[in-house]
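Per-entry structural report
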Amino acid sequence: QQQVKQSPQSLIVQKGGISIINCAYENTAFDYFPWYQQFPGKGPALLIAIRPDVSEKKEGRFTISFNKSAKQFSLHIMDSQPGDSATYFCAASMTTASKLTFGTGTRLQVTL
Amino acid sequence: GAVVSQHPSRVICKSGTSVKIECRSLDFQATTMFWYRQFPKQSLMLMATSNEGSKATYEQGVEKDKFLINHASLTLSTLTVTSAHPEDSSFYICSATRGSTEAFFGQGTRLTVV
């Protein structure tokens, strides 16, 4: 019940395209859903996060869509750039400050 | 955002020895710190949660006698891998929170046991 499933495992997008990564969770007690970006050899960095009372949140080129009834949420990266090439993790937790359960990760490659 | 620093960033140790990794919150007092382990091309798996001044809470399957966690102050937590073996080679990452804010992650420590 603690799992967070993430897809796809890898993604190749052309520069300027839209990258879409999906996650699904089982535990309805989760109340905080962040997305992290991780470059090789570095720790994860928070990109954007959402709570279940909102269906969408946008920050710059990054948008989270949240479907509470389906227990799914997704990350959209608009106008994808080569600098966006990294591994992206979705995560979930009971509160903003509690332990995180991570998805399996998506390796995004943005080609020229 | 707040800064969390890990030291060392890379360490190589001989099998059977112990190695200590430090996690410091540089500009805030961290009420809770978390330790994660990440194997190559895999996700982050939580090892333990530590609150300042109290014993760490370990996740199921994590040997508390092997992975010693100390959170002696509001700005420092340490993870000691005791009697390290090659299978302990991994990327260890800490994160810290203050009150109800989101977690801030360190840059990670690459441990290689030879």
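The structure we're discussing is the one just above.
Throughout what follows, the structure given in this document is the object of discussion. (Residues numbered from 1 in each chain as written. Chains lettered and ligands numbered in written order. Predicted model: local features only at pLDDT ≥ 70, side-chain atom pairs only at ≥ 80, totals over all residues. Heavy atoms only, no water.)

**Structural notes on the overall build of chain A**
Helices and strands together make up the secondary structure of chain A, namely zero helices and eleven strands. Going from the N terminus to the C terminus, chain A shows its helices and strands as β-β-β-β-β-β-β-β-β-β-β. On C-alpha atoms alone, chain A measures out to a radius of gyration of 13 Å, which is about the 13 Å that the 2.2 N^0.38 rule sets for 112 residues. Expressed along its principal axes, the backbone C-alpha trace of chain A runs to roughly 40 × 30 × 20 Å. A sequence separation of at least 24 residues applies to 53% of the contacts in chain A between residues at least 6 apart. (Helix = DSSP H or I, 4+ residues; strand = E, 2+ residues; numbered from the N terminus. Rg over C-alpha atoms; globule rule 2.2 N^0.38 Å. Contact = heavy atoms within 4.5 Å.)

**A look at the sheet that holds strand E1 (residues 4-7) of chain A**
All names here are of chain A. Overall, antiparallel pairing links the five strands, which are arranged E1-E3-E8-E7-E6 in an open sheet. At either margin of the open sheet sits one strand with a lone partner, and together these are E1 and strand E6 (56-59). Sheet twist, expressed as the average angle between the axes of neighbouring strands with direction ignored, equals 15°. Direction of pairing for strand E3 (residues 19-25) relative to strand E8 (residues 72-77): antiparallel, over a ladder of six bridges. Residue pairing for E8: Ser-19 is matched across the bridge by Ile-77. (Pairing = 2+ DSSP bridges. Axes fitted to C-alpha atoms, helices over the stretch in contact; angles between N-to-C directions.)

**Some points on the pattern of salt bridges**
The final tally for this structure, using the stated rule, is six salt bridges over all chains. A salt bridge links B:Glu59 to A:Lys99; the nearest nitrogen and oxygen atoms lie 3.1 Å apart. Of this pair, B:Glu59 sits in the loop between strand E6 (57-58) and strand E7 (67-73) while A:Lys99 is found in the loop between strand E9 (86-92) and strand E10 (101-102), placing the two residues in two different chains. With a closest N to O distance of 3.5 Å, B:Arg24 and B:Glu22 form a salt bridge. By relative accessible area, B:Glu22 is classed as partly exposed at 24%. (Salt bridge = Lys/Arg side-chain N within 4 Å of Asp/Glu carboxyl O. Buried < 20%, exposed > 50% of the residue type's maximum accessible area, 1.4 Å probe, protein only.)

**Points about the packing of aromatic side chains**
Evaluated as defined, the whole model comprises 16 aromatic pairs over all chains. Between A:Trp35 and A:Phe73, the aromatic rings sit 5.7 Å apart at their centres with planes inclined by 70°, giving edge-to-face as the arrangement. Highlighted residues: A:Trp35 in strand E4 (residues 33-38) and A:Phe73 in strand E8, separated in sequence by 38 residues. Each member of the pair, A:Trp35 as well as A:Phe73, carries the same accessibility label: buried. Arranged with centres 5.6 Å apart and planes meeting at 90°, the rings of A:Phe102 and B:Tyr36 form a pair that is edge-to-face. Note that A:Phe102 is positioned in strand E10 and B:Tyr36 in strand E4 (residues 32-38), a pairing that runs across two chains. Here the aromatic residues A:Tyr25, A:Phe30, A:Phe33, A:Trp35, A:Phe66 and A:Phe73 are joined through ring pairs into a cluster of three or more. (Phe/Tyr/Trp six-rings, centres within 6.5 Å; stacked < 30°, edge-to-face > 60°.)

**With respect to the state of the cysteines**
Working definition of a disulfide: a covalent bond connecting the sulfur atoms of two cysteines. In this structure the tally under the stated criterion is two disulfides over all chains. Sulfur-sulfur distance for the disulfide between A:Cys23 and A:Cys90 comes to 1.9 Å. Linking A:Cys23 and A:Cys90, the disulfide has an S-S dihedral of approximately -95° and is accordingly described as left-handed. Highlighted residues: A:Cys23 in strand E3 and A:Cys90 in strand E9, separated in sequence by 67 residues. This pair shows no difference in class: A:Cys23 is buried, exactly as A:Cys90 is. Each sulfur in the disulfide pair B:Cys23 and B:Cys94 lies 2.0 Å from the other. (Disulfide = S-S within 2.5 Å.)

**Points about the interface of chain A and chain B**
Taken residue by residue, the interface counts 18 residues in chain A and 21 residues in chain B. For the chain A and chain B pair, buried surface summed over both sides reaches about 1400 Å², with 59% attributable to carbon and sulfur atoms. Among the residues chain A hides against chain B, the three largest losses belong to A:Ala97, A:Lys99 and A:Phe102. Together they make up 33% of the total. Scanning the region where chain A abuts chain B turns up one salt bridge. For the pair chain A and chain B, the interface holds five residue pairs in polar contact (both at pLDDT 80 or more). Broken down by class, the residue content of the side of chain A that touches chain B amounts to eight nonpolar, seven polar and three charged. (Buried area = accessible area lost by both parts, 1.4 Å probe. Polar contact = N/O pair within 3.5 Å; in protein donor to acceptor, adjacent residues only side chain to side chain. Nonpolar A, V, L, I, M, F, W, Y, C, P; charged D, E, K, R; others polar.)

The quantities given are spatial measurements derived from coordinates; they are silent on function.
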